[in-house]
Amino acid sequence: MRSANNNYEKSIVVDGLTKKFGVFTAVNNISFDVQRGEIFGFLGPNGSGKSTTIRMLCGILEPSGGQASVLGLDVATQSEEIKRRIGYMSQKFSLYDDLTVVENLDFYGGIYGLKDARLAGRKNFVLEMVGLKGRENELAANLSTGWKQRLALGCAIIHEPEMVFLDEPTGGVDPISRRNFWEMLYHMAEAGITLFVTTHYMDEAEHCHRLGFIFQGDMIALGTPDQLKKEHMTGAIIEVSIDASQEALRAITSASGVSEAYFYGATIHAKVDSATDGEKVGEHLYNSGFKDFSIQEVEPSLEDVFVGLIEHKR
Ligand SMILES: Nc1ncnc2c1ncn2[C@@H]1O[C@H](COP(=O)(O)OP(=O)(O)OP(=O)(O)O)[C@@H](O)[C@H]1O
Ligand SMILES: [Mg+2]
């Protein structure tokens, strides 16, 4: 927290933010707050307006309407100061392939005006944090996706920002690397850095303090993972362990009391009116010729909540 302008209560305050591209509304009148030190997860299907929102909050894209402040600074009038004080890891993280690890850090440090002892100190800290100590002179091009992603995070935080925006930082990265990456995010949040993260991975969403869910430009749900499960789940979820074919899905969907059914890992999940409907689904499956299956009620997961929310909107 080096900056003079530290007198803000919330890291992000968004009120009626809107972005139109011509006649198309990509972000429609959304409002939410993010607390200091919070990990805020921003979820939604492809094309729902996540990156557009992030770009407005980072001061890169001008809003068409509404207001937003980041670190107490207005996105419409103080975008230059916002850019200096936040970190941004974009969806296609922009490393220079023909530069080495340390040259990439030098480059981003230079953009933020770091030099001499401060630059050296920050590089040292970042290399240590992202685990690239000893690999300083490797070309970025030769790093695997997981390591590139860590270097991109290092570049995004070289100037010690109070708040970092991460747009799908773990896309295309294996589960172990994703877990390691999230360990770093937790450490950052513990150190008081506010994180705004978009992801399509529900296990990552579970680990956010609060979540916003955007669909076709509208913010359709907002709250902690537990709140979302309580508020947006009516009825129960049953899990059908069965050879998960289209025929099985069709049979489950047509059972009475089932409002939706969808593939869930190697099983099928069905949203039912009440727990007792599990038995009816079982009978219906049996009468439809399926003999080898088992049914149990399960706690709704975030994925169940979001499938339900989207189905509801269609
Ligand atoms: N510069 C632009 N001009 C016109 N339309 C745009 C522009 N940028 C984004 N869009 C449209 O706005 C909508 C939202 O895009 P956005 O990139 O914000 O989605 P997203 O939620 O980040 O999706 P993804 O999960 O695929 O990254 C999309 O329909 C996209 O095509
Ligand atoms: Mg995006």
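Residue positions are given per chain, counted from 1 along the sequence in the order it is written. Note on labels: chains are lettered from A, ligands numbered from 1, in written order. Restriction of local features to residues with pLDDT of at least 70 applies here, the model being predicted, together with a cutoff of 80 or more for giving and counting side-chain atom pairs; totals for whole chains, interfaces and linings are based on all residues. Only hydrogens and water are set aside when side-chain values are computed; all heavy atoms of the structure are taken into account.

## Some points on the site of ligand 1
Around ligand 1, the surrounding shell holds 14 residues, and the nearest of these are G47, K50, S51, T52 and Q91. Here an oxygen atom of ligand 1 sits 3.0 Å away from a polar atom, N or O, in the main chain of G49. In the model, an oxygen atom of ligand 1 is placed 2.9 Å from a nitrogen or oxygen of the S51 side chain. Here the Shrake-Rupley method, with its probe set to 1.4 Å, supplies the accessible areas, and only the displayed protein chains count as covering residues. Burial of ligand 1 by the surrounding chains reaches 64%, relative to a free accessible area of 630 Å². The cutoff for a nearby residue is simple: one of its non-hydrogen atoms must lie within 4 Å of the molecule or strand. Polar contact criterion, stated in full: a pair of N or O atoms within 3.5 Å, where within protein one must be able to donate a hydrogen and the other to accept it, and residues adjacent in sequence count only if both atoms are side-chain atoms.

## Topic: unusual backbone geometry
Residues apart from glycine generally show negative phi values, whereas peptide bonds are mostly found in trans. Phi is positive for D116, which is not a glycine, with a value near 50°. Inspection of the secondary structure assignment puts D116 in helix α4 (residues 116–130). Given a relative accessible area of 64%, D116 falls into the exposed group. A positive phi angle is found at Q216, which is not glycine, with a value near 45°. When you line up the elements, Q216 lands in the loop between β9 (210–215) and β10 (218–223). Only protein chains enter the area calculation, which uses a 1.4 Å probe; residues under 20% of their type maximum are buried, those over 50% are exposed, and those in between are partly exposed. Of the residues examined, Q216 reaches a relative accessible area of 58% and is grouped as exposed. A run of DSSP states H or I qualifies as a helix once it reaches four residues; a run of E qualifies as a strand once it reaches two. Both are numbered from the N-terminal end.

## Quick look at the sheet that holds strand β14 (residues 293–298)
By the convention used here, strands pair only if DSSP detects at least 2 bridges between them. Pairing within the open sheet is antiparallel, and its four strands lie in the order β12-β13-β11-β14. Where the open sheet ends on each side, the last strands, each with one partner, are β12 (258–264) and β14. The sheet shows a mean angle of 25° between the axes of neighbouring strands, taken without regard to direction. Pairing between β12 and strand β13 (residues 267–272): six bridges, direction antiparallel. Its bridge partner lying in β13, E260 is registered against K271. Its contacts with the sheet put helix α9 (residues 246–253) on β11 (236–242), β12 and β13, and the angle it makes with β12 is roughly 160°. In what follows, a contact means two residues having at least one pair of non-hydrogen atoms within 4.5 Å. Here an angle of 0 to 180 degrees is reported between the N-to-C directions of two axes, which are lines fitted to C-alpha atoms, with helices fitted over the stretch in contact. Across the sheet, helix α10 (residues 277–287) touches β11, β12, β13 and β14, and the angle it forms with β14 is around 160°.

## Observations concerning the nonpolar core
What is meant by a nonpolar core is a set of buried Ala, Val, Leu, Ile, Met, Phe, Trp, Tyr and Cys residues, joined one to another through side-chain atoms within 4.5 Å. L151, L153, L166, L185 and L195 are the most contacted members of the largest nonpolar core, which totals 50 residues. Examining the composition of this core, we find that six residues originate from one element, helix α6 (residues 175–190), more than from any other. For the purposes of this description, domain bounds are those given by an automatic or database domain assignment. Summarising the domain contributions, this core has at least three residues from each of domain 1 (10–223) and domain 2 (233–313). Core analysis: the second largest hydrophobic core is formed by 27 residues, V34, F40, A68 and F196 among them.

## Some remarks on the sheet that holds strand β7 (residues 163–167)
The six strands are arranged β6-β7-β8-β3-β9-β10 in an open sheet whose pairing can be described as mixed. Looking at which strands have only one partner, the edges of the open sheet turn out to be β6 (86–89) and β10. Recorded for the sheet is a direction-independent mean angle of 15° between the axes of neighbouring strands. Strand contacts of helix α11 (residues 302–313): β3 (39–43), β9 and β10, with the helix running at about 30° to β9, the strand carrying the most contacts.

## Considering the domain arrangement of the protein
In terms of domains, the protein is made up of domain 1 (10–223) and domain 2 (233–313). Relative to domain 2, the C-alpha centre of domain 1 lies at a distance of 37 Å. Facing 10 residues of domain 1, the contacting portion of domain 2 comprises six residues. Values labelled buried area give the accessible surface lost by two parts on being combined, using a 1.4 Å probe and summing over both. In terms of surface lost to domain 2, no three residues of domain 1 exceed M202, F213 and I220, which account for 53% of the buried area on that side. For this analysis, a salt bridge means a side-chain nitrogen from Lys or Arg found within 4 Å of a carboxyl oxygen belonging to Asp or Glu. Here domain 1 and domain 2 share zero salt bridges between them. Counting across the domain 1 and domain 2 interface gives zero residue pairs in polar contact (both at pLDDT 80 or more). Classifying every residue of the side of domain 1 that touches domain 2 by side-chain character gives nine nonpolar, no polar and one charged. Polar here means any residue other than Ala, Val, Leu, Ile, Met, Phe, Trp, Tyr, Cys and Pro, which are nonpolar, and Asp, Glu, Lys and Arg, which are charged; Gly is therefore polar.

## Examining the packing of helix α8 (residues 225–232) against α11
Close contact between α8 and α11 brings their axes to 10 Å; oriented N to C, the two are set at 50°. One way to sum up the angle between α8 and α11 is to call them oblique. Read as a crossing pair, α8 and α11 show a hand that is left-handed. Every residue of α11 that contacts α8 at P225, L228, K229 and H232 is listed here: L302, V305, F306 and L309. Taken together, the residues that form the contact of α8 with α11 break down as six nonpolar, one polar and one charged. In what follows, roughly perpendicular refers to angles from 65 to 115 degrees, roughly parallel to angles under 35, roughly antiparallel to angles over 145, and oblique to any angle outside these ranges. Should the near helix be turned anticlockwise from the far one by less than a right angle, the crossing is left-handed, and should it be turned clockwise, the crossing is right-handed.

## Focus: the packing of aromatic side chains
What counts as a ring pair is set by centres within 6.5 Å for rings of Phe, Tyr and Trp (its six-membered ring), and what kind of pair is set by the plane angle: stacked under 30 degrees, edge-to-face over 60, tilted for all other angles. Under the counting rule described, the total for this entry stands at 10 aromatic pairs. Between Y96 and F107, the ring centres sit 4.7 Å apart and the planes meet at 65°, which makes this aromatic pair edge-to-face. Placement of the pair is Y96 in the loop between β6 and α3 (101–111) and F107 in helix α3, with a sequence separation of 11 residues. A relative accessible area of 37% places Y96 in the partly exposed class. With relative accessibility at 34%, the residue F107 sits in the partly exposed group. Ring pairs connect the aromatic residues F32, F40, F42, F165 and F196, which therefore count as one cluster.

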